[in-house]
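Single-letter residue listing:
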Amino acid sequence: ATQRLTDIYQAIMRLYIDNPFYRAFFLLALQGRRKGEIINLRWEDVSFEYDYYFLANTKNDEEQKVFLPPNVKNALYEFQQKSGWVFESPINKGNRISDAKRQTAKLKEELGEWFTMHYTRNVMVSAMAEQGIDAIYMSGALGHNDPNTINKYLTMNYMKGSKIASDMIQS
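These lines cover the structure that appears in this document, whether it is placed above or below.

**Observations concerning the packing of aromatic side chains**
Under the counting rule described, the total for this entry stands at 15 aromatic pairs. Summarising the aromatic geometry, the rings of tyrosine 22 and phenylalanine 26 are spaced 6.4 Å apart at their centres and angled 35° between planes, so their arrangement reads as tilted. Pair noted here: tyrosine 22 and phenylalanine 26 are both in helix H2 (residues 20-30), with a separation of four residues, about one helical turn. We classify tyrosine 22 as buried; its relative accessible area is 13%. Consider the rings of tryptophan 114 and tyrosine 119, whose centres lie 5.2 Å apart with planes at 65°: the pair is edge-to-face. Residue tryptophan 114 is classed as partly exposed on the basis of its relative accessible area, which comes to 25%. Ring-pair connections join several aromatic residues into one group, and the members of that group are Tyr16, Phe21, Tyr22, Phe25, Phe26, Trp43, Phe48, Tyr77, Phe79 and Phe87.

Laid out in structure tokens, this is it:
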């Protein structure tokens, strides 16, 4: 998962180096944000000063304050507005984009058929698990209100798990 996370990050940075709009979009996805949370983000809900953004419209109907990572913040700075949708449609001004299918297809072409927007949530949390991050923080990163929900996103690392078990038995 850590390698896949790295591959996705590098592909985003390579494909969207000159396109901060979609660089920010996909970096937010890689942070565990759902597509709906990203496209519903408004400039009024982004605090550049305090490094957070506010999600008013989440799947579990909870308002959430989320850390604004430097790489996303820098991309957002490049096309910052005072108000309105962060991911405003370039065709229908005043409206948000509805999807990113063409841009997702570019990443899929670069990475492989396995890549999807939703996969970014799975790979991010599985990489966190590989680093030994507690489940409560993984759930928080994905915006869950029930820490047990995390289990459907985790990819089991059988090799590492069996190695840890073996090391424990040996010691």
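**Brief notes about helix H4 (residues 70-77)**
One turn of the α-helix equals 3.6 residues, which is why residues spaced by three or four share an orientation. Among all positions of H4, only Val72, Lys73, Ala75 and Leu76 are buried. In an axial view of H4, the angular spread of the buried residues amounts to 165°, which keeps them on one side of the axis. As for H4, its buried residues are in contact with H2 and strand E1 (46-47).

**Focus: the pattern of salt bridges**
Pairing between side chains becomes possible if they bear opposite charge and their charged atoms approach one another. Going through the model one piece at a time under the given rule, you end up with six salt bridges. For arginine 23, the salt bridge is made with glutamate 78, and the minimal N-O distance between the two is 3.1 Å. With a gap of 55 residues between them, arginine 23 in helix H2 and glutamate 78 in the loop between H4 and helix H5 (101-111) connect regions that are remote in the sequence. By relative accessible area, which is 6% here, arginine 23 ends up buried. Here glutamate 37 makes a salt bridge to arginine 33, at a shortest N to O gap of 2.9 Å. As far as burial versus exposure is concerned, glutamate 37 and arginine 33 are alike and both buried. One continuous salt-bridge network, built from bridges that share partners, spans Arg33, Arg34 and Glu37.

**Quick notes on the packing of helix H6 (residues 119-130) against helix H7 (residues 135-142)**
Packing of H6 against H7 leaves a shortest axis separation of 10 Å and a crossing angle of 155°. For the element pair H6 / H7, the angle class is roughly antiparallel. The way H6 lies across H7 gives a crossing that is right-handed. On H7, the residues that touch Arg121, Met124, Val125, Met128 and Ala129 of H6 are Tyr137, Met138, Ala141 and Leu142. The residue inventory of the contact of H6 with H7, partitioned by class, reads eight nonpolar, no polar and one charged.

**As for the pairing of strand E2 (residues 52-55)**
Of the two faces of E2, only one is covered, namely that formed by Tyr53 and Leu55; the face formed by Tyr52 and Phe54 stays uncovered. Both E1 and E2 contribute to a ladder of two bridges, which runs antiparallel. Each residue of the ladder has a partner; that of valine 46, found in E2, is tyrosine 53. Counting the residues between successive antiparallel strands, the hairpin from E1 to E2 contains four residues, one of them, aspartate 51, with a positive phi of roughly 55°. Pairing analysis gives four bridges linking E2 to strand E3 (residues 64-67), with the strands arranged antiparallel. Bridging from a neighbouring strand, phenylalanine 54 pairs with lysine 65 of E3.

**Some words on the nonpolar core**
Grouped together as the largest cluster of nonpolar side chains are 36 residues, with contacts concentrated most on Phe25, Phe26, Leu76 and Phe87. Of the residues forming this core, the biggest block, nine residues, is contributed by H2. Apart from the residues lying within four places of it in its own chain, the contact partners of phenylalanine 25 are Lys35, Ile38, Ile39, Phe87, Ile97, Ala100 and Met117. With five residues, the next largest nonpolar core counts Met124, Val125, Met138 and Leu142 among its residues.

Each value, and the rule that gives it
Residues numbered from 1 in each chain as written. Predicted model: local features only at pLDDT ≥ 70, side-chain atom pairs only at ≥ 80, totals over all residues. Heavy atoms only, no water. Phe/Tyr/Trp six-rings, centres within 6.5 Å; stacked < 30°, edge-to-face > 60°. Helix = DSSP H or I, 4+ residues; strand = E, 2+ residues; numbered from the N terminus. Buried < 20%, exposed > 50% of the residue type's maximum accessible area, 1.4 Å probe, protein only. Arc of directions from axis to C-beta. Contact = heavy atoms within 4.5 Å. Salt bridge = Lys/Arg side-chain N within 4 Å of Asp/Glu carboxyl O. Axes fitted to C-alpha atoms, helices over the stretch in contact; angles between N-to-C directions. Parallel < 35°, antiparallel > 145°, perpendicular 65-115°, else oblique. Left-handed = near helix turned anticlockwise from the far one by under 90°. Nonpolar A, V, L, I, M, F, W, Y, C, P; charged D, E, K, R; others polar. Pairing = 2+ DSSP bridges. Core = buried A, V, L, I, M, F, W, Y, C linked by side-chain atoms within 4.5 Å.

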